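Reading the structure
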Amino acid sequence: MAEINLFQSFFLIFSGAAIVASLALFGRQPLLVAYIALGVMLGPSGFGVIDNVRLLAEMSSIGIIFLLFLLGLDMQPKALVSVLRKATFVGIVSCALFLGLGYGIGQLFGYTAIESWVIGMALMFSSTIIGIKLLPTTVLHHKHLGELMVGLLLFQDFVAITCLMILLSGSTGEVDIARLGLSFAALPLLVFFAWVVVKYLLMPLFTRFDRFHEYVFLLALGWCMGLAELAEILGLSREIGAFIAGITLATSPISQYIALSLKPLRDFFLILFFFSLGAQFKLAMLPEVALPALVTAAAVLAVKPVVFRYLLGNQSEHKVLAWDIGFRLGQISEFSLLIALLAFNQELIGSGASHLIQATAILTFLVSSYIVVLNFPNPIAIKDHLRRD
C-alpha cells in the first residue's frame, strides 16, 4: 500500500472519528473508547492504513500540554499551595503501595526484577487526561474535588519526572543525583521567572492590545509553548512548564477568554492522543501479554479506588468525595506509556513487559472511563442526570 501523507492521515483520523463518535453516542458509549478503537483499526496492527504513527503520537502530546495550561489558567495560586500540602501525604503513600503492587505482579508472571520495578513505576500514576477530561468544568474550576484531584495529579507528575530521570541513567547504571537535584532546584526559579515575565511583559501587552483577538491567542499560545520548552531544558517536564504558564496568568482578567479560545485546539490534539494510543499497540503481542495485562488491569481498577478512598478518608475527606476521586484516578497514566517506551529504548525491559504496560493502560483507560461515565457526573455522560459541564 502506498504511503499516505499527513493530510490524508488527518482526513482518515478526524473523518473516521466523526463516524465512530456518532456510532458511540447512538450506542451510549464513551467517546474515548471510540477514538482508541479507531486507532487499533486503522493502525499498523489493524488494516495498516496509517503508518506514520510515531509522528502522530509526538504531535498528540501537545494536547496534554494544552490540558495542563488550561488547568493552570483556572486555578488560583493560593488554592494550589493549600491542596498540594494535603496531596503530598496521599501521593507518597499511594505511590509506594502501587509500586509494590506492580513489582509483585511482575514477579508473579516471571518478569525480571528490573522489569518488575518498571511495571511498578508505571502503576504509580493516574491519567491526567482521563481525570480532567471526565471532570465537570464547574467542579474542576470552583470546587474542592477539582482542586484535590489536580494536586494529586501534579504530585504524581513530580514523581514521574524522578522516575524518568532514573530510567535515563539506566544505561550508566547510576542515578545522576546532581542532575536530579538541579532539576528540582530549577522549579522555584522557573516559577519566579514566569511571574516576572507575566507581570512586566505579558500583562502590559495584553492590556494594550486586548482588542486584537488573534494577537491575544497567539501571545498565550507562545507563552504556553515557550515556558513548556524551557521547563524541558531545565530537566523538568513540558507539562509542568505549561501548568506554571497557565497559573501565572490565572489572576489575569483575560484568563477565561484565553481558556475558551484554546479548548478546541486542546480537543483536536487529545483526539490524536487517543487515536495514536490505539494505533501504537501491536496486536501480535496480545497472546503473550493477555493474561498478565488482564490481571494487572483488574488489580489497578480494584485497588486504586480503595487506596485513595481510605487515604483521603484519613485526611478528613467525606466518604462520597473520597470514592469519587478514587474511581476517577482508577487507571494508569500517559506517563506510564512514556516510562514503558523509555525503559524499552534503554534496554532495561523487553518487548513483553513494554506491551504489558501498554495493554494495561488501554484496558484501564477504557474500563475506568466506563465507570466514571456511567456512575459519576461528567461532561460526556450518556445519562442525562449525570451530564455536567
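For the structure, check the block above.
In what follows, the accompanying structure is described. Predicted model, so just to flag it, every value in this text is computed and none were measured.

Re the overall build of the chain
Helices and strands together make up the secondary structure of the chain, namely 16 helices and zero strands. Taking 389 residues into account, the globule formula puts the C-alpha radius of gyration at 21 Å, and the chain, at 20 Å, falls close to it. By its C-alpha atoms, the chain is 60 × 45 × 45 Å across when sized along the principal axes. Scored against the burial criterion, the 389 residues of the chain give a buried share of 54%. Counted over contacts in the chain with a minimum sequence separation of 6, partners at least 24 positions apart contribute 77%. Entry remark: accessible area of the chain is about 17200 Å², with carbon and sulfur atoms responsible for 68%.

Considerations on the nonpolar core
The biggest cluster of nonpolar side chains holds 130 residues, and the ones touching the most others in it are Phe69, Trp223, Phe243, Ile258, Phe274 and Ile325. Per-element tally for this core: the top contributor is helix α8 (residues 144-168), with 14 residues. Beyond its immediate sequence surroundings of up to four residues, isoleucine 258 is in contact with Phe69, Leu73, Phe206, Val216, Ala220 and Leu249.

Thoughts on helix α5 (residues 113-123)
Extensive coverage of α5 is indicated by the burial of eight of its eleven residues. All buried positions along α5 are accounted for by Glu115, Ser116, Val118, Ile119, Gly120, Met121, Ala122 and Leu123.

A short note on the packing of aromatic side chains
Considering all chains together, one arrives at 14 aromatic pairs under this definition. A ring pair is formed by phenylalanine 10 and phenylalanine 268, whose centres lie 5.7 Å apart and whose planes are at 85°; its orientation type is edge-to-face. Residue phenylalanine 10 is found in helix α1 (residues 6-26), and its partner phenylalanine 268 is found in helix α12 (residues 255-280); the two are separated by 258 residues along the sequence. Of the aromatic side chains, those joined through ring pairs into one cluster are Phe10, Phe14, Phe66, Phe268 and Phe269. Sitting above the plane of the phenylalanine 98 ring, lysine 304 keeps its charged end 5.0 Å from the centroid. The ring of tyrosine 310 has arginine 309 sitting right over it, with the charged end atom 4.7 Å from the ring centre.

A closer look at the packing of helix α15 (residues 334-345) against helix α16 (residues 351-375)
Two elements in contact, α15 and α16, have axes separated by 9 Å at closest approach and are oriented at 170°. Taken together, the axes of α15 and α16 lie roughly antiparallel to each other. Facing Glu334, Ser336, Leu337, Ala340 and Phe344 of α15, the residues of α16 in contact are Ser351, Ser354, Ile357, Gln358, Ala361 and Phe365. Here the contact of α15 with α16 is composed, by residue class, of six nonpolar, four polar and one charged.

Re the environment of isoleucine 382
By the element assignment, isoleucine 382 lies in the segment after α16. The class for isoleucine 382 is buried, based on a relative accessible area of 11%. Residues isoleucine 382 and leucine 32, 350 residues apart in the sequence, show an inter-C-alpha distance of 13 Å.

Digging into the state of the cysteines
All chains considered together, the criterion is met by zero disulfides. For the unlinked cysteine cysteine 95, the closest cysteine sulfur is that of cysteine 163, found at 7.7 Å.

What to know about the environment of isoleucine 64
The topology assignment puts isoleucine 64 in helix α3 (residues 53-73). For the pair isoleucine 64 and alanine 160, spaced 96 residues apart in sequence, the C-alpha to C-alpha distance is 15 Å. Excluding anything up to four places from it in sequence, isoleucine 64 contacts Ile129, Glu239, Leu270, Phe273 and Glu334.

Observations concerning a nonpolar patch on the surface
A cluster of nonpolar residues, Phe192, Trp195 and Tyr200, forms a patch on the protein surface that exposes about 400 Å² of accessible area. Residue classification places tyrosine 200 among the exposed residues on the basis of a relative accessible area of 57%.

Definitions and limits used
- Residues numbered from 1 in each chain as written.
- Predicted model: local features only at pLDDT ≥ 70, side-chain atom pairs only at ≥ 80, totals over all residues.
- Heavy atoms only, no water.
- Helix = DSSP H or I, 4+ residues; strand = E, 2+ residues; numbered from the N terminus.
- Rg over C-alpha atoms; globule rule 2.2 N^0.38 Å.
- Buried < 20%, exposed > 50% of the residue type's maximum accessible area, 1.4 Å probe, protein only.
- Contact = heavy atoms within 4.5 Å.
- Areas by Shrake-Rupley, 256 points an atom, 1.4 Å probe, with all protein chains shown as cover.
- Core = buried A, V, L, I, M, F, W, Y, C linked by side-chain atoms within 4.5 Å.
- Phe/Tyr/Trp six-rings, centres within 6.5 Å; stacked < 30°, edge-to-face > 60°.
- Lys NZ or Arg CZ within 6 Å of the ring centre and 35° of its normal.
- Axes fitted to C-alpha atoms, helices over the stretch in contact; angles between N-to-C directions.
- Parallel < 35°, antiparallel > 145°, perpendicular 65-115°, else oblique.
- Nonpolar A, V, L, I, M, F, W, Y, C, P; charged D, E, K, R; others polar.
- Disulfide = S-S within 2.5 Å.
- Patch = residues over 30% accessible without salt bridge, like charges linked within 9 Å, V, L, I, M, F, W, Y side chains within 5 Å.
- Salt bridge = Lys/Arg side-chain N within 4 Å of Asp/Glu carboxyl O.

Remember, this is a structural readout, not a statement about activity or role.
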